[in-house]
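Chain by chain, the residues:
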Amino acid sequence: TSPLNPPPRHTIGEREIRLMKPTAFLINTARGAIINEVELIKCMNERVIAGAGLDTQEVEPPPAESDLWKLDNVFLTPHIGWRRLETRQRLVDMTADNIEAYVNGEPTHVVN
């Protein structure tokens, strides 16, 4: 997660998007206002990158007149992934499995 203090607000805009590969997808699951949506929409209309997946937006949900709804290369999700019990239970189960594997000398998901 990221706090939404003035420094991170609109950290990603047209300049940063234009530095990305044309095949890139910009994914935001942190804070909506980290991305400058006006500049993102401009870049998406110009097909600067392949697409964007936004689990969070500056205003949730985006207003009906927002161009985000009209773009075929932008995917919007409702930012409620952690609300479902099944999702939280899966995380607990995976954590327990990882701890058990580590204790048994067979660690998984090791990052060196």
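Being a predicted model, the structure only gives us computed values, none of them experimental. (Residues numbered from 1 in each chain as written. Predicted model: local features only at pLDDT ≥ 70, side-chain atom pairs only at ≥ 80, totals over all residues. Heavy atoms only, no water.)

Draft legend 1. How the structure looks around the nonpolar core. Residues Leu-40 and Met-44 are the most contacted members of the largest nonpolar core, which totals 15 residues. Broken down by secondary-structure element, the contributors of at least two residues to this core are helix 2 (37-45) and strand 2 (51-54). Top contributing element to this core by residue count: helix 2, with 4 residues. Sequence-distant contacts of Met-44, that is, excluding residues within four places in its chain, are made with Ile-49, Gly-51, Ala-52, Leu-71, Asn-73 and Val-74. (Core = buried A, V, L, I, M, F, W, Y, C linked by side-chain atoms within 4.5 Å. Buried < 20%, exposed > 50% of the residue type's maximum accessible area, 1.4 Å probe, protein only. Helix = DSSP H or I, 4+ residues; strand = E, 2+ residues; numbered from the N terminus. Contact = heavy atoms within 4.5 Å.)

Draft legend 2. Inspection of the pairing of strand 1 (residues 25-28) at higher detail. Residues of strand 1 alternate between two faces, with Leu-26 and Asn-28 buried on one and Phe-25 and Ile-27 left unburied on the opposite face. As a crossover connection, the stretch from strand 1 through helix 2 into strand 2 is right-handed. (Right-handed = clockwise from strand over helix to strand, strands pointing away.)

Draft legend 3. Helix 3 (residues 85-103), seen in detail. Taking 1.5 Å per residue as the helical rise, helix 3 with its 19 residues ought to reach 27 Å, and the 27 Å between its terminal C-alpha atoms agrees with that figure. Following helix 3 by one or two positions, Gly-105 adopts a phi angle in the positive range, close to 75°. (Expected span 1.5 Å × (residues − 1).)

Draft legend 4. Fine view of the sheet that holds strand 2. Spatially, the 3 strands line up as an open sheet ordered 1-2-3, and their pairing is parallel. Only two strands of the sheet have a single neighbouring strand rather than two, namely strand 1 and strand 3 (74-76). Direction aside, neighbouring strands of the sheet carry axes that sit 10° apart on average. When strand 1 meets strand 2, the two strands line up parallel, connected through 4 bridges. From the neighbouring strand, Phe-25 faces strand 2, where its bridge partner is Gly-51. Contacts between helix 2 and the sheet are confined to strand 1, strand 2 and strand 3, with strand 2 contributing the most and set at about 140° to the helix. (Pairing = 2+ DSSP bridges. Axes fitted to C-alpha atoms, helices over the stretch in contact; angles between N-to-C directions.)

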